[in-house]
Amino acid sequence: MVTEGKTRKKLTPTRIVGVIGTGIAAGFLAGLFGVGGGMIIVPVLVLALGMSQRQAAATSLASIAVTASFGSITYATQGHVSIPAMLFVATGALVGAQIGTWLLRILPERILPWIFVGFAAMIIAIQQIHEPVRAAVIDITFTSAIAMIGVGLVSGIFAGLVGVGGGGLIVPGLEIVVGAGDLIARGTSLLAMIPTSLSGTYSNLKHGLVDLPVGILIGLAASLTTPLGLWTASSISPRTGTYLFGAFLVAVSISTVLKARAKRLKKK
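Because the structure is a prediction, the values reported are computed rather than measured. (Residues numbered from 1 in each chain as written. Predicted model: local features only at pLDDT ≥ 70, side-chain atom pairs only at ≥ 80, totals over all residues. Heavy atoms only, no water.)

**What about the overall build of the protein?**
Point 1. In terms of helices and strands, the protein carries eleven helices and zero strands.
Point 2. Its helices and strands taken in sequence order, the protein reads α-α-α-α-α-α-α-α-α-α-α from the N to the C terminus.
Point 3. Taken against the 2.2 N^0.38 rule, which gives 18 Å for 268 residues, the C-alpha radius of gyration of the protein at 17 Å falls within 12% of a compact globule.
Point 4. Seen through its C-alpha atoms, the protein measures out along the principal axes to roughly 50 × 35 × 30 Å. (Helix = DSSP H or I, 4+ residues; strand = E, 2+ residues; numbered from the N terminus. Rg over C-alpha atoms; globule rule 2.2 N^0.38 Å.)

Below you can see the structure in the form of C-alpha cells.
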C-alpha cells in the first residue's frame, strides 16, 4: 500500500506563501477556463514544494473540491450552470474517478508526468478542431445524456490519475458533444467536479496520499480570484480563451517534462 502522506513536510512560512500563491493562480484559472486548477497546482506542488507526482496529484484533487465549489457558485450567479447536465456528467465522473485513483496507486511514478503531458496534448488537439460559441444552451435528450455520462467517465479517470478536476475534458466535451456555449460549459464543468474530486480524495486519503492542509489552503486561496477569472472569460472572445488555454497547457507540459528529466539525472 502506498503511504506517501506519512512523509508530509511541515508548513513553514515560506511554504505557506507558496501554497497561497498557487491557490490564487489556480482560482483565476478556474474562473477563466472552467477547470479546477490542477494543471497549475500539480506542477507547482512538484516543482516548488518537492512533492512526488503521485502525492501532488492526490493533494491537487483535494484542493479542487474547494476551488470548484467557489467557482461553480460564481458561474451560477451569472446563470451559466446546467443542473441536469451536471448530474449526467457527474454520474460518469464518479465512476471514472475511482478508476483513476486506482491507476494512480499502481502505475510506476516515472510514467505519471508523461500521462500528464499526454492529457494536455489531447486537450489542445480537441480545442483546435472545435470552434467555441457563447450563447448556445444544453439540450437534454436521451442521446445527449448518454454522451454526457461518457464525457464524465473519461474526465473522471483523468481527474483521479492526473490530479486535475477534469474540466479540460468536460468543457470541450460539452461544447462538442452537446453544442453547449463556452460559459455554460465552464460553469457546469466546475459544478460536476465537486462530487468527482470528493470521491477521488476520499479514496486517496485512505491510502495516505493526500497532504490535506495544503489542499484545503490552496482551495481557500483560490476562492479569492475565481470571480476575476470569470470576469476575464466574459470579456474575451471564446476563440481567444481557447488560445490562452492552449498556451498555458504547453507551458505546463514543458515544465513537467523538464522536472521529470532533472529528477532522472539526479538519480544517476
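**Comments concerning the UniProt feature "transmembrane region" (unreviewed entry) in the protein**
Point 1. The positions that UniProt labels "transmembrane region" (unreviewed entry) are, in the present scheme, residues 16-49, 56-77, 83-104, 111-130, 142-164, 209-231 and 243-262.
Point 2. End C-alpha atoms of residues 56-77 are separated by 31 Å, and the span's content is 95% helix alongside 0% strand.
Point 3. As annotated, residues 83-104 comprises 100% helix and 0% strand, and the C-alpha atoms at either end are separated by 30 Å. (UniProt positions renumbered as here; feature names shortened; annotations may be inferred.)

**Thoughts on a nonpolar patch on the surface**
Point 1. Residues Val95, Ile99, Trp102, Ile106, Leu153 and Val154 make up a contiguous nonpolar surface patch of about 500 Å² in total accessible area.
Point 2. Elements with a contribution of two residues or more to the nonpolar patch: α4 (83-106) and α6 (142-162).
Point 3. Take tryptophan 102: it is sitting in helix α4. (Patch = residues over 30% accessible without salt bridge, like charges linked within 9 Å, V, L, I, M, F, W, Y side chains within 5 Å. Areas by Shrake-Rupley, 256 points an atom, 1.4 Å probe, with all protein chains shown as cover. Salt bridge = Lys/Arg side-chain N within 4 Å of Asp/Glu carboxyl O.)

**Considerations on the nonpolar core**
Point 1. Formed by 62 residues in total, the largest nonpolar core has its most connected members in Leu45, Leu174, Phe248 and Leu249.
Point 2. The contact partners of leucine 249, leaving out residues within four places of it in the chain, are Met39, Ala120, Ile123 and Ile124. (Core = buried A, V, L, I, M, F, W, Y, C linked by side-chain atoms within 4.5 Å. Buried < 20%, exposed > 50% of the residue type's maximum accessible area, 1.4 Å probe, protein only. Contact = heavy atoms within 4.5 Å.)

**Regarding helix α1 (residues 13-33)**
Point 1. Its 21 residues place the ends of α1 30 Å apart at the C-alpha level, agreeing with the 30 Å of an ideal helix rising 1.5 Å per residue.
Point 2. In the stretch just after α1, glycine 34 is the one whose phi turns positive, near 75 degrees. (Expected span 1.5 Å × (residues − 1).)

**A few points about the side chain of threonine 74**
Point 1. Position of threonine 74 relative to the elements: it lies in helix α3 (residues 53-76).
Point 2. For threonine 74, a relative accessible area of 14% gives the class buried.

**What to know about the packing of aromatic side chains**
Point 1. Scanning the model with the defined rule gives zero aromatic pairs in all.
Point 2. Its guanidinium or amino end placed over the ring of tyrosine 243, arginine 239 lies 5.4 Å from that ring's centre, counting from NZ or CZ. (Phe/Tyr/Trp six-rings, centres within 6.5 Å; stacked < 30°, edge-to-face > 60°. Lys NZ or Arg CZ within 6 Å of the ring centre and 35° of its normal.)

**A few points about the pattern of salt bridges**
Point 1. Enumeration over the complete set of coordinates arrives at one salt bridge.
Point 2. Between aspartate 182 and arginine 186 there is a salt bridge whose closest N-O contact spans 3.7 Å. Taken together, the residues span about one helical turn, with aspartate 182 and arginine 186 both in helix α8 (residues 182-206) at a distance of four residues.
Point 3. Among the residues examined, aspartate 182 registers a relative accessible area of 0% and is labelled buried.

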